[in-house]
Amino acid sequence: QVQLVESGGGLVQAGDSLRLSCAASGRTFSTSNMGWFRQAPGKEREFVAARSWINTDPRYADSVKGQFTISRDNAKNTVYLQMNSLKPEDTAVYYCAAGGSRYSTLASSVAYAYWGQGTQVTVSS
């Protein structure tokens with residue numbers, strides 16, 4: 001069992017930066033893929049970024065490449081999402097997810113068994 005708690009969301013202006021954190025509890029964190037997804041009002045949940053448990057090259061949605069950076073610290077059981085140059089279209093609830101071990105499924109929400117409660121990110125123009 002893995003429990004995930006996100007933090008770091010908030011209200012910022014366009015161009016600002018935020019760093020989201022996701023603290024995980026449970027013995028399987030170090031062998032689980034970790035991902036970030038987001039859901040904007042009226043839209044479906046979408047993939048943002050993910051990093052495999054063996055910390056190979058991360059995967060990003062095309063919409064955030066070069067803007068967001070995912071990192072993980074297995075010693076602290078924490079995954080981070082550094083978000084720079086935020087835009088109003090980045091406004092969403094951001095969810096941390098854990099699960100799976102295959103690199104090929106990093107961007108697939110169905111591969112993740114555990115989800116956090118979400119943290120709101122609002123970017124004003």
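Below is a summary of the structure that appears in this document.

Once that is clear, we can look at the overall build of the chain. Within the chain, the secondary structure is distributed over zero helices and eleven strands. Element order for the chain, N to C, with α for helix and β for strand: β-β-β-β-β-β-β-β-β-β-β. Over its C-alpha trace the chain gives a radius of gyration of 13 Å, about what one expects of a compact globule, namely 14 Å for 125 residues. A principal-axis box enclosing the C-alpha atoms of the chain has dimensions of 40 × 25 × 25 Å.

Moving on to the packing of aromatic side chains. The tally for this structure, following the rule as stated, stands at four aromatic pairs. Summarising the aromatic geometry, the rings of Tyr112 and Trp115 are spaced 6.3 Å apart at their centres and angled 65° between planes, so their arrangement reads as edge-to-face. Feature note: the residues Phe37, Phe47, Tyr112 and Trp115 constitute an aromatic cluster, connected by ring pairs.

So, on to the state of the cysteines. In total, this model carries one disulfide according to the counting rule given. Linked covalently through their sulfurs, Cys22 and Cys96 form a disulfide whose S-S length is 2.1 Å. Looking down the S-S bond of the Cys22 and Cys96 bridge, the torsion is -80°, so its handedness is left-handed. Pair noted here: Cys22 is in strand S3 (residues 18-25) and Cys96 is in strand S9 (residues 92-98), with a separation of 74 residues, a long-range link.

Glancing now at the environment of Cys22. On the accessibility criterion, Cys22 (0% relative accessible area) is buried. Residues Cys22 and Thr56, 34 residues apart in the sequence, show an inter-C-alpha distance of 19 Å. In this view, Cys22 contacts Leu4, Val5, Glu6, Met34, Trp36, Asn77, Thr78, Val79 and Cys96; residues no more than four positions away in its chain are not counted.

Cut-off values and rules
Residues numbered from 1 in each chain as written. Predicted model: local features only at pLDDT ≥ 70, side-chain atom pairs only at ≥ 80, totals over all residues. Heavy atoms only, no water. Helix = DSSP H or I, 4+ residues; strand = E, 2+ residues; numbered from the N terminus. Rg over C-alpha atoms; globule rule 2.2 N^0.38 Å. Phe/Tyr/Trp six-rings, centres within 6.5 Å; stacked < 30°, edge-to-face > 60°. Disulfide = S-S within 2.5 Å. Buried < 20%, exposed > 50% of the residue type's maximum accessible area, 1.4 Å probe, protein only. Contact = heavy atoms within 4.5 Å.

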